[in-house]
Each structure stands twice: as structure tokens, then as C-alpha cells.
Amino acid sequence: MIRPILRMGTPSLLQPSAAVTQFDTPELHALVADLEDTMAAANGAGIAAPQIGVNLQVVIFGTGAPNPRYPEAPVVPKTVLVNPVITPLGADEEDGWEGCLSVPGMRGLVPRLARIRYAGRDPRGNAIEREADGFHARVVQHECDHLWGILYPMRIRDMAKFGFTAVLFPELDDNQDD
Ligand code: NI
């Protein structure tokens, strides 16, 4: 089911989310299905459970296919990640433009770790552990930030690099509202 996406200004988006304690339950599978439906309807690169009003540590990201909102970005594997832990692989950072379904119509330049290892579980409780860099690493860091109550504008260092997508990138398809 497509759920309403909470927008910046909603207090619960700034709260840390609780770890999932029971796996392979109907409730967890229903939450994942709602996240998938909502992300697909919005052409999102990822979405986190707090964005649909559920403060649990569940994120999904990647589509396994090019994303119309980020046509130049590499393909990220379709992933459901529960109770994630991110470990930096080195201290290198990269700046990249980000948007967020909870901050519609805007983009900002955000520094992120260039290389990470991430670990967690899938909805059945199976362990996931991967290394990622570039756009893949950026998406994971952005989505996991939602679980700690952090929205990407809070990471922007140069507020001159924050604005409306239609102004910053007029060449992008303006049928997208985020
Ligand atoms: Ni977001």
C-alpha cells in the first residue's frame, strides 16, 4: 500500500528509531511491502520506515535498474536492510547532490564517506554484509541517517549549495516533485 510520506518539520523524523526484535513476521513483511510501494510510486532511490511514520530500523534502497530521478547514477542492488550498522572504510569523503522524499523539490550538496562497510539483516533475519562506494555508499548513508533522526540538510556544510531542484537543475524532468 502506498503510504503518505512525512515531510521535514514532522517531529518524528528527528527521533531515533528502535531496532527490530522479531523477524519474518507478517507485520515486518507488511511494512516492507508498504515501503516498496511508496518508494516505487515516488521514484525514490531509497526510503526509510520513519518517512512513513514507523520509527523502526528498516530501510530499503536500490531498484536494480536506472532511476529516473538520478539518471546518471550507477545501479544499486535492490536491498531491504534491517538494524543496519555502518563502518567507515577510511576517512575519505566525497561531495554529492542529494534529494529526499521528505524534502520535496530540493537538492543539496552533502559530504559522505566515500567507502563503507554496512551490515544488518534482511526481513527474514539473514545477515547482510557488504562493502560499498560512490553512489551506493551515499544512498546507504542517507537512508540510515533517517534511522538516527538526521535529514540531509543537517549535513550540508555550504548552504549556498542547497536549493530548489528546478532552479539548480532545470534540465531534470520537472514532473518529479522531489
Ligand atoms: Ni531521505
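Since we're looking at a predicted model, the values are computed, not measured.

Thresholds, definitions, all that
Residues numbered from 1 in each chain as written. Predicted model: local features only at pLDDT ≥ 70, side-chain atom pairs only at ≥ 80, totals over all residues. Heavy atoms only, no water. Phe/Tyr/Trp six-rings, centres within 6.5 Å; stacked < 30°, edge-to-face > 60°. Helix = DSSP H or I, 4+ residues; strand = E, 2+ residues; numbered from the N terminus. Buried < 20%, exposed > 50% of the residue type's maximum accessible area, 1.4 Å probe, protein only. Expected span 1.5 Å × (residues − 1). Arc of directions from axis to C-beta. Contact = heavy atoms within 4.5 Å.

## Considering the packing of aromatic side chains
Geometry of an aromatic ring pair is reported as the spacing of the ring centres plus the angle between the planes. Overall, the coordinates contain three aromatic pairs when judged by the stated rule. Their ring planes at 75 degrees and their centres at 5.9 Å tell us that Phe61 and Tyr118 sit as a pair that is edge-to-face. With Phe61 in strand β2 (residues 58-61) and Tyr118 in strand β6 (residues 115-121), the pair connects residues that are 57 residues apart, well separated along the chain. With a relative accessible area of 0%, Tyr118 lands in the buried category. Between Trp97 and Phe169, the ring centres sit 5.1 Å apart and the planes meet at 85 degrees, which makes this aromatic pair edge-to-face. Of this pair, Trp97 sits in strand β4 (residues 93-98) while Phe169 sits in the segment after α3 (165-168), and the two are 72 residues apart along the sequence.

## Focus: helix α1 (residues 26-41)
Between its terminal C-alpha atoms α1 stretches 22 Å, which fits the 22 Å expected from 16 residues at 1.5 Å a residue. Every buried residue of α1 is listed here: Leu28, Leu31, Val32, Asp34, Leu35, Thr38 and Met39. For α1, the angular spread of the buried residues around the axis is 160 degrees, confining them to a single face. Of the exposed residues in α1, those oriented more than 90 degrees away from the buried face are Pro26 and Ala40. Those residues of α1 that are buried are in contact with β1 (46-48), β2 and β3 (79-88). Positioned one or two residues after α1, Asn43 has a phi angle of 55 degrees, which is positive.

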